[in-house]
Amino acid sequence: MSVAFVKEPNEEQVESLPERDLGTDPNFVTVRGLEMLDKAIEAGQAQLDAAQSAGNKIAVAMIRRDLRYWRARRSTAEVVIPQEDSDVVQFGNAVTIRRPGGQTQVFRIVGIDEADPGEGRISYLSPLARQLVGREVGEIVRAGAGEAEIISILC
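Residues numbered from 1 in each chain as written. Predicted model: local features only at pLDDT ≥ 70, side-chain atom pairs only at ≥ 80, totals over all residues. Heavy atoms only, no water.

Draft legend 1. Molecular detail of the pattern of salt bridges. All told, the structure shown has 8 salt bridges when counted by the stated rule. Ionic pairing is found between Asp113 and Arg73, a salt bridge with its closest N-O pair at 2.7 Å. Here the residue Asp113 occupies a position in the loop between β4 (104-110) and β5 (121-123), and Arg73 occupies one in helix α2 (residues 57-76), the gap between them amounting to 40 residues. One connected set of salt bridges, linked through shared partners, spans Arg20, Arg65 and Asp66. (Salt bridge = Lys/Arg side-chain N within 4 Å of Asp/Glu carboxyl O. Helix = DSSP H or I, 4+ residues; strand = E, 2+ residues; numbered from the N terminus.)

Right under this line is the structure:
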């Protein structure tokens, strides 16, 4: 019987995985973000070599897909360095905001792949980053359900 009629793949078959979404927005990165892309590619290549040596075809397919994503992200990366003498919030800046209860938070505006809100790094496409970019110290912005005041901007 032909393998075309068998539901279970044999050792030689690996299902095609969907590609990871690259998005359509510009791929702005910080210097740190560019380094992260390079490390992801390096780590992925090491994982691919190990999976190939082990003969793990499913892992090879998954890692190859991820490497295609990271290489595409690397090839389209545009490093953006904020101007140090600017008074307005820009990509790459760390911005301290104060909420009405007095709580302060610091967020750095970074690229999509570098974003980690738990670490205080937010994508430039996030609603908060969009509120912050182009604003100055003392301005009030929408931050989540409430508002917050920008109290400092650092490169």
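What follows continues from the structure just given.
Draft legend 2. Representation of the packing of helix α1 (residues 31-54) against α2 in the model. Between α1 and α2, the least distance of the axes is 9 Å, while the angle of their chain directions is 160°. Classified by the angle between their axes, α1 and α2 sit roughly antiparallel to one another. Every pair of crossing elements has a handedness; the one defined by α1 and α2 is left-handed. Across the interface between the two elements, Leu34, Leu37, Asp38, Ala40, Ile41, Gly44, Gln45, Gln47, Leu48, Ala51 and Gln52 of α1 pack against Ala59, Val60, Ile63, Arg64, Leu67, Trp70, Arg71, Arg73 and Arg74 of α2. Split into classes, the residues belonging to the contact of α1 with α2 amount to 11 nonpolar, 4 polar and 5 charged. (Axes fitted to C-alpha atoms, helices over the stretch in contact; angles between N-to-C directions. Parallel < 35°, antiparallel > 145°, perpendicular 65-115°, else oblique. Left-handed = near helix turned anticlockwise from the far one by under 90°. Contact = heavy atoms within 4.5 Å. Nonpolar A, V, L, I, M, F, W, Y, C, P; charged D, E, K, R; others polar.)

Draft legend 3. View of the nonpolar core. By size, the foremost hydrophobic cluster in this structure holds 16 residues, and its most contacted members are Val89, Val95, Ile97, Ile109, Leu132 and Ile150. In contact with Ile109, other than residues within four places in its own chain, are Thr30, Val89, Gln90, Phe91, Gly92, Asn93, Val95, Ile122, Tyr124, Ala129, Leu132 and Val133. (Core = buried A, V, L, I, M, F, W, Y, C linked by side-chain atoms within 4.5 Å. Buried < 20%, exposed > 50% of the residue type's maximum accessible area, 1.4 Å probe, protein only.)

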